[in-house]
Amino acid sequence: MKETLTCLIVDDEPLAIKLLANFVERTPFLRLAGTFLDPLEALQALTPDIDLLFLDIQMPGLTGLELSRLVQPPTRIIFTTAYKEYAFDSYEVHALDYLLKPVSYPTFLKAATHARTVLDADSSHASETPAENYLFVKSDTRLVRVDFDRILYVSGLKDYVRFHLTDAARPLIALSTMKAVEEKLPPSRFCRIHRSYIAALDKIESVEHNRVRIGGELLPVSPGYQEGFMKKIGG
């Protein structure tokens, strides 16, 4: 496990920065490399040496969400904000955590400890993506964690997708698009086989003409996706 995480704090409120800086100082495994009121200045200071970014969401000029999309690995993000409605957005950009202001030290420490664990896993599996083992999806008013190992296949239904899982009688319905889900799934484990289907490669039981059998179901493989699919399975 990493002994020290180097971090930055970005917030347009000086008092919020002062509080988080104090929390960092109290945490033995954190080292503060800088604080910024201006997100554009913070962007210039981001280097691969920065492990963790404590980032306010609602800021003038460039919002925290906009800045987060410019942050490159291995830097990871913990959002801080006074607005709980941004929680879903924070998961969309794969933030490690979401701290609601006013932030307490126990909550801060829990998030920092989680970040330390994740960053240690990142360094051990440098070739893996941040969401190598799971993703979060919005179902009704909840964010639901879906482990990749549980997914048989994903099917599209207008503005929704259905996750067909190994351990559930009914699919999990989530508000998303097939394209968005496809981008979150590791291509080494999943393949788009049709406009309406994404298949888990290790769950395919057989390939029969232009169809695959998964979980007892036959799914079509459309001509536009067939070549890429056959390359992945070595056919």
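Calculation rules
- Here the residue numbering is sequential within each chain, running from 1 through the sequence in written order.
- Only residues with pLDDT of 70 or above have their local features reported here, since the model is predicted, and side-chain atom pairs are shown and tallied only from 80 upward, although totals for entire chains, interfaces and linings are computed over all residues.
- To get the side-chain values, take all heavy atoms of the structure and skip hydrogens and water.
- UniProt positions are given in the numbering used here, feature names are shortened, and annotations may be inferred rather than shown by experiment.
- Starting at the N terminus, helices and strands are each numbered in turn, a helix being any DSSP run of H or I of at least four residues and a strand any DSSP run of E of at least two.
- Contacts are assigned to residue pairs with any non-hydrogen atoms lying within 4.5 Å of each other.
- Salt bridges are defined as contacts in which a side-chain nitrogen from Lys or Arg sits within 4 Å of a carboxyl oxygen from Asp or Glu.
- Accessibility here uses a 1.4 Å probe with only protein chains present; expressed as a share of the type maximum, an area under 20% marks a residue as buried, one over 50% as exposed, and anything in between as partly exposed.
- Note on pairing: two strands pair once DSSP finds at least 2 bridges between them.
- Angles here are taken between N-to-C directions and fall from 0 to 180 degrees, while the axes themselves are lines fitted to C-alpha atoms, restricted in helices to the stretch in contact.

Engineer: Got a sec to walk through the UniProt feature "modified residue: 4-aspartylphosphate" (unreviewed entry) in the chain? Specific residues and values, please.
Structural biologist: Following the UniProt record, one finds the feature "modified residue: 4-aspartylphosphate" (unreviewed entry) at D56. Relative to the elements of secondary structure, D56 occurs in strand 3 (residues 52-56). Setting aside residues up to four positions removed in sequence, D56 forms contacts with V10, D11, D12, G64, T80, T81 and K101.

Engineer: I'd love a proper account of the pattern of salt bridges, names of residues and values included.
Structural biologist: Close approach of charged atoms allows side chains with opposite charge to pair. Under the counting rule described, the total for this entry stands at 11 salt bridges. Across the pair D149 and R189 runs a salt bridge whose closest N-O atoms are separated by 2.4 Å. In this pair, D149 sits in the loop between strand 7 (142-147) and strand 8 (151-157) while R189 sits in the loop between helix 6 (178-184) and strand 11 (190-194), placing the two residues 40 residues apart along the sequence. Note on R189: relative accessible area 19%, which makes it buried. Shared partners join several salt bridges into a network, and the residues in it are D11, E13, D56 and K101.

Engineer: Break down the sheet that holds strand 3 for me, with residues and values.
Structural biologist: Taken in spatial order, the 5 strands make up an open sheet running 2-1-3-4-5, and their pairing is parallel. Looking along the sheet, the strands with just one partner apiece sit at the ends: strand 2 (30-36) and strand 5 (97-100). For this sheet the average axis-to-axis angle between neighbouring strands, irrespective of direction, equals 20°. In this sheet, strand 5 lies alongside strand 4 (residues 76-81) in parallel orientation, the contact comprising 4 bridges. Along strand 5, the bridge assignment pairs I78 with D97. Those strands touched by helix 1 (residues 14-26) are strand 1 (5-10), strand 2, strand 3 and strand 4, and its axis lies near 165° from that of strand 2.

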